[in-house]
Amino acid sequence: MGQITRHVRLLALLPLCTIYSSETRAETDKGDVAAGPVSRETSPPGVIPSPDDHDEIVVTADRRGEAKVPAESEFSEEEIAAQGADSIQDLLTRLAPFIDGSGEEPVILINGKPAGFDRSILAYPAEALDRLAVLKPEAATQYGEPAGKRVVNLVLKKNFSMLNADAGADFATGGGQYGGSLSVRRTAISGDTRWNAQVRFGADSAFRKTARNIPPRDGIFDSIGFISAPDGGEIDPALSLAAGQVVIAAAIPPGALTGVPDLDDFAESAGRLHPVNPNRYETLQSSRRNAGLNIGVTRPIGDFSASLNLNANRSSSDGERGLPMASVVLPTGHPSSPFASDVVLTRPFAGERALRIDNGSTSLGATLTLNGSIGDWQTSLAASYSRNRADNFIENGVDIARVQQLIDAADPGFNPFGIWDEGLMIATRSRTKGENLSARLNVRKTIVDLPAGPLAWNLTANAGRNSTQSRQFDASGDLIAARSLTRSQSSGQMSVSVPISRNDGAGAGWLGDLTVDLSASAQTMTNSRPQKGFGGSVSWSPWRAVQLRGAVDFTENAPSFDQLDAPVLTTVNRIFDYARQEIAEPLWITGGNPDLKRGRQQKLTLGAMVRPLGGQVLTLNLGYRQSVAKGGLASFPELTPVIEAAFPERVTRDAEGRLVAVDARAINIARDSNSDLSTGIVLRVDGAGKPGAPNGDPLQFSLSINHRMRLSDELQTRAGVPVIDQLREGGQSRHNVSLQTSLGKRGIGATLNGNWSSSGRLRGGGTDGAGGFVFKPPLTFNLSAFVEPGRLIDAWKKKSVIGDLRLSVDVQNLFNGYRRVTLDDGTVPAGYRRDEIDPLGRTVRLTLRGKF
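Report follows, based on the coordinates. (Residues numbered from 1 in each chain as written. Predicted model: local features only at pLDDT ≥ 70, side-chain atom pairs only at ≥ 80, totals over all residues. Heavy atoms only, no water.)

## Some points on the overall build of the chain
Now for step 1: Helices and strands together make up the secondary structure of the chain, namely 14 helices and 48 strands.
Now for step 2: Taking as baseline every contact in the chain between residues at least 6 positions apart, the subset at least 24 positions apart corresponds to 69%.
Now for step 3: In the form shown here, the chain has an accessible surface area of approximately 40,700 Å², with 56% of it arising from carbon and sulfur atoms. (Helix = DSSP H or I, 4+ residues; strand = E, 2+ residues; numbered from the N terminus. Contact = heavy atoms within 4.5 Å. Areas by Shrake-Rupley, 256 points an atom, 1.4 Å probe, with all protein chains shown as cover.)

Following this line, the structure appears as structure tokens:
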């Protein structure tokens, strides 16, 4: 398994001298392999003398950083360099199609040891990696993780040092939105000791509605305000006489802000209105700012390796929701009214001041991870502590009822035409504080060495405590609601890996490589009875070019801390309201839902991998997956009429039926069953080490094509309601094809990825429950490329400034595609024009990176 073998011919004249050639020294740096004078009696483990004499020895050793589970595929230093990734996190994103098509974040090992809660490794530059290995699927349970998760082993270089700064700028090619980022990072590795420090800043401008051709919302919008008659006719004959014309509207005169206006004041402003475009006061995306600091250090302590990571993050956003307008009746005889009859006052809250929606969050965290051996036990202990604070402020409009009360009461302290107090705005401020403490222990041991390999036993124990405090205030700062909650959670998982046969083993080796993995788990949470789970998998490789795997899992799932107690966040989401056949911008509420219940899930997974050419050049994948969840947890689905009927308490509408708010927090579902068939092809051409390959950096080429066909997808939201066939009537696509190809080498490269989905149909989208919508997802492509001039132009290599620069460009939605929607008759419904579906469109990001 991942061994390095070297044959060293000892010189007859120097039988007792140390042989330490330059080749062996290079291998020692990478694989910790050494050679010296040996004999059968004194040879150390891994050094096997020749049975005939001492002239030849065989030196074998595991490569540095090798994991206990064999790799399914591996990416060399040259292949990593050809990706042009700025960080390990960026590299994992680029390699996602080759790791796991699901897009789920893999389990991370560092030099073959669990990373625990430490995520600082993801901020390391990709150049710090010696190689990246994707372990076989059965690795997850052997490292105490849920079955089915992929495990990635990040093997760092033995010695590495870099100081770099990255500056980036991004913008929408259609205009209206731009942003930038800056980060400085220092990384150093010396054997088993390493440290990393990074500080980063970023900001994005607000993306306003006026940047795109989007129809304005209905209503009257005026930056000053005006008076009119209740029936829309003449306001007052006396005012018409003073103005010399029939007056049906008159602007609020400037003097009315501080004094009592008379008829002459309104006569001067008769017919003068100040209409404005309401899109000027609405943002499609809020302006955003973020900053972060991350410091991590790892060093050996005796037989253990200890990693400490500290992080701090701050983010904020500011958006606008429109111009708040109010229409109230100013009755006859009111001290501020010079008119002989009632009039209607229509005005903004405070000039051109828009409704605000602001969000901010701060988090502090620390993690500690210990890895090492206690006797025959491989042990990993991790602990994490975090504190977070979130502040959410949203204004919903003017409290018209309160304003009318003040007018009707003729309150002497209230001027209908003047400056209004902020307390007359309907607003909510939510403040949440949270604290989390978690610990994890994983131990692994070989119980017995079987003929086919070691029988390994793994035990993982997790414990956590989470506390949250939330407070909600109105616009005046008065407390509306408060909640404090503390939860504890503990879980454990045990797994056993039983090797049945090995090609190079004894006994039943003719079966090929055959391994059985079994696991059992349990979990408890405050105010909840224990949940259990168990599973098993079989991995069989009858020939080296073929790998087959089957797995069955049954779990009782309880909601996580975040699903239960995460800070509640209120934003504005632009969606299509099927009930009214129009675009709506309701308040969108996300965060923790303390009312979530547990559920259970059964999964069946079958997979086959074939490498007909041997090695990693060509890989063919075939997979089948089936899942049935009952009472499980799910994200809030698209708000269709069927979903609204199933969860009416989650949807708020005003008296006219307009969509006002949607509680989009996670939900429990009665039953969710789906199955799919996936196929894939991976082609990787690596010139490194090939006979006849030119010296220098070889060209790297990779291609990944994956197809997923949904065989079934049925959802029952609640008991007693009809089952929704997501493929026939839920708008879901049956087919999805993803592609990624890259070509490059150290110093220059490009990657193109694309995605296509078949059409989907949503039935019952009309107001009467009839009709339907046809969704046609776009064929989208994203392009990224990089160049390092110093590696390509010899004259620039010695110029430190230019020679250490990298320029990258990333284009999202290369051809500016968007999801097209039509009705059954082929017409495009309101709200589904180009700028309304995807107003941002194509974006470009330029990054300049310098190494010092």
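So that's the structure; there's more coming.
## Observations regarding the sheet that holds strand E18 (residues 325–330)
Sheets are built from strands that pair by backbone hydrogen bonding, the pairs being arranged parallel or antiparallel.
Now for step 1: Taken together, the four strands give an open sheet; going across it, the order is E14-E13-E19-E18, and neighbouring strands pair in antiparallel fashion. Both edges of this open sheet fall to strand E14 (249–251) and E18, since each of them pairs with a single strand only. Each strand axis lies, on average, 25 degrees off the axis of its neighbour in the sheet, ignoring direction.
Now for step 2: When E18 meets strand E19 (residues 343–348), the two strands line up antiparallel, connected through six bridges. Across the sheet, residue methionine 325 finds its bridge partner in E19, namely proline 348. (Pairing = 2+ DSSP bridges. Axes fitted to C-alpha atoms, helices over the stretch in contact; angles between N-to-C directions.)

## Examining the sheet that holds strand E44 (residues 772–776)
Now for step 1: In space, the three strands of this open sheet follow the order E43-E44-E47, with antiparallel pairing throughout. The open sheet has two edge strands, strand E43 (760–763) and strand E47 (820–823), and neither has a second partner. Strand-to-strand twist of the sheet, defined as the mean angle between neighbouring strand axes without regard to direction, takes the value 20 degrees.
Now for step 2: Both E44 and E47 contribute to a ladder of four bridges, which runs antiparallel. Residue pairing for E47: valine 774 is matched across the bridge by threonine 822.

## Focus on the packing of aromatic side chains
Now for step 1: Considering all chains together, one arrives at 14 aromatic pairs under this definition.
Now for step 2: Taking the centre distance of 5.8 Å and the plane angle of 85 degrees together, the rings of phenylalanine 781 and phenylalanine 815 count as edge-to-face. Here phenylalanine 815 lies in the loop between strand E46 (805–812) and E47 and phenylalanine 781 lies in strand E45 (residues 780–787), a separation of 34 residues in the sequence.
Now for step 3: Look at phenylalanine 815 and you get exposed, because its relative accessible area is 59%.
Now for step 4: These aromatic residues form a ring-pair network of at least three members: Phe576, Tyr578, Phe773 and Tyr832.
Now for step 5: The ring of tryptophan 420 is capped by arginine 347, whose NZ or CZ atom sits 3.9 Å from the centre of that ring.
Now for step 6: Positioned over the ring face of phenylalanine 75 is arginine 684, at 4.0 Å from the centre of the ring. (Phe/Tyr/Trp six-rings, centres within 6.5 Å; stacked < 30°, edge-to-face > 60°. Buried < 20%, exposed > 50% of the residue type's maximum accessible area, 1.4 Å probe, protein only. Lys NZ or Arg CZ within 6 Å of the ring centre and 35° of its normal.)

## Some remarks on the pairing of strand E10 (residues 178–190)
Now for step 1: Sheet analysis places strand E9 (residues 159–172) next to E10, joined by 13 bridges and oriented antiparallel. Residue aspartate 166 lies in a different strand from E10, and its bridge partner there is serine 183.
Now for step 2: Counted along the chain from E9 to the antiparallel partner E10, the turn is five residues long, and its residue glycine 175 has a positive phi close to 85 degrees.
Now for step 3: Sheet topology places E10 next to strand E11 (residues 193–204); twelve bridges connect them, and they run antiparallel. By the bridge assignment for E11, threonine 187 is matched with asparagine 196.
Now for step 4: Taking the residues that link successive antiparallel strands as the turn, the E10-E11 hairpin has two residues, and the phi of glycine 191 there is positive, at about 65 degrees.

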